[in-house]
Amino acid sequence: MVSGGLYTICACGEKILEMEKEVADRNNREGMMGWLNPRRYGWERVSYWLQRLTGVGLLAYFIAHIYETSQIAGGPALWEAFLELTQTTLGHIILIVVIGMCVYHSANGIRLIFVHGGKGLGKPGRPDYPYDAVSLNYRQKSGIWIALILALVAMLYGASVLFGGE
Amino acid sequence: MEHLCSLGANNKKMAMLRESQIMKIHYITGVAAIFVVAVHIMMRIAIMPYGMSLEYENVIANYQNIPYIVLLESILVLVSIHGFNGLRVILLELRQSKKWEDGVTVLTIAAMIALIAYGTRTIIIANGLGFE
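Just so you know, these numbers come straight off a predicted model, no measurement behind them.

> Even after reading the chapter, I still don't get the overall build of chain B, so can you show me in this structure?
The helix and strand inventory of chain B stands at 5 helices and 0 strands. Each of the 132 residues in chain B was classed as buried or not, and the buried ones make up 20%. Within chain B, residue pairs in contact and separated by at least 24 positions form 72% of the contacts whose partners lie at least 6 positions apart.

> What exactly am I supposed to notice about the interface of chain B and chain A here?
Interfaces are often sized by the amount of accessible area the parts lose when they come together. Across the boundary between the two partners, chain B contributes 21 residues, which contact 22 residues of chain A. Counting only elements with at least two residues in the side of chain B that touches chain A, the list comes to α1 (19–45), α2 (50–53), α3 (56–64), α4 (66–94) and α5 (98–129) of chain B. Tallying contributions element by element places α5(B) first for the side of chain B that touches chain A, with 6 residues.

> Looking at this model, I keep getting lost on the environment of Gly103(B). Mind explaining?
Topologically, Gly103(B) is positioned in helix α5. A sequence separation of 63 residues divides Gly103(B) from His40(B), and the C-alpha atoms of the two residues are 34 Å apart.

> Just checking my understanding: could you explain the nonpolar core for this structure?
Nonpolar side chains in soluble globular proteins tend to be buried together. Formed by 31 residues in total, the largest nonpolar core has its most connected members in Cys102(A), Val103(A), Tyr104(A), Ile75(B) and Val79(B). Going through the elements one at a time, α3 (43–70), α5 (89–116) and α6 (138–162) of chain A together with α4 and α5 of chain B are the ones with two or more residues in this core. Looking at this core element by element, the count peaks at 8 residues for α4(B). In this structure, Ile75(B) is in contact with Ala33(B), Val36(B), Val37(B) and His40(B), ignoring residues within four places of it in sequence.

> Would you mind going over the packing of α3(A) against α4(B) with me for this structure?
Relative orientation of the contacting elements α3(A) and α4(B) amounts to 135 degrees, with a least axis distance of 10 Å. As judged from the angle between their axes, α3(A) and α4(B) are oblique. Crossing geometry of α3(A) relative to α4(B) is assigned as left-handed. Side by side, α3(A) and α4(B) meet where Arg52(A), Gly55(A), Val56(A), Leu58(A), Leu59(A) and Phe62(A) of the first sit next to Val79(B), Gly83(B), Gly86(B), Leu87(B) and Ile90(B) of the second. Class assignment of the residues belonging to the contact of α3(A) with α4(B) gives a composition of 7 nonpolar, 3 polar and 1 charged.

> Teacher, can you tell me more about unusual backbone geometry here?
Among all residues save glycine, negative phi is the norm, and among peptide bonds the norm is trans. Cis geometry is found at the peptide bond from Tyr129(A) to Pro130(A), where omega equals 5 degrees. If you trace the backbone, Pro130(A) turns up in the loop between α5 and α6.

Parameters and conventions
Residues numbered from 1 in each chain as written. Chains lettered and ligands numbered in written order. Predicted model: local features only at pLDDT ≥ 70, side-chain atom pairs only at ≥ 80, totals over all residues. Helix = DSSP H or I, 4+ residues; strand = E, 2+ residues; numbered from the N terminus. Buried ≥ 20, exposed ≤ 12 C-beta atoms within 10 Å, placed from the backbone. Contact = placed C-beta atoms within 7 Å. Core = buried A, V, L, I, M, F, W, Y, C linked by C-beta atoms within 7 Å. Axes fitted to C-alpha atoms, helices over the stretch in contact; angles between N-to-C directions. Parallel < 35°, antiparallel > 145°, perpendicular 65-115°, else oblique. Left-handed = near helix turned anticlockwise from the far one by under 90°. Nonpolar A, V, L, I, M, F, W, Y, C, P; charged D, E, K, R; others polar.

Written out as structure tokens, the structure reads:
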């Protein structure tokens, strides 16, 4: 397209009013909210941002854990003092959430490795109404649910160990 | 080797590795991390009760065990590479420009090296503590 004052000349030679072009060029960027919006896209979208949120959460925990374990270098007194800070009910709840994030991220990550390798996506087909993507099939949905169930089971086991009184 | 070190080459892009190679490293470190972290967690709960495994003497004893040190260092390196590359991928999905991409890559690599160095320092110091 070539812009020409009030009019824009199309490749086909037709003139389009500039005002119409402005309507067509409206800002469609949603930014972070578009990235986080779980609506419109189904479970695959939920899986997409859960993978990212759990990844960032696990990285934050990992950095905190490296700092936590570095306290051992300060001797027994410092180590015991730091344990008193982390081995609390809130500390255990955070650890249970971390266990859930870790298991979900791992299980869903394995599913994604297969997806990126083209496994379990089904055969390509002609796009017919209602244009459901062949790749978003029951295998993928099952994988997401398995990851969520495994995370829940791991969290329950973690809770039994942390609050089990051992 | 021709695809390596293409810094300032044809595409003028700051890239030591192709993105497809980086993703292979991401997957390999991810799968390997699952195994080493699983062993690390099992060591906390399978050998002795969780609370007892966190006692100072038991933690120091872990740092005296060479195979366990290798395991800890493996976790440190694998999770750092996987984690910071994951963060880099997320940040590159949010915004794209050469300046942003180069900045994110440099910062994540620097953070990864700093974390590995700090964690290794803990392992070395804790290993020495048992000989005092």
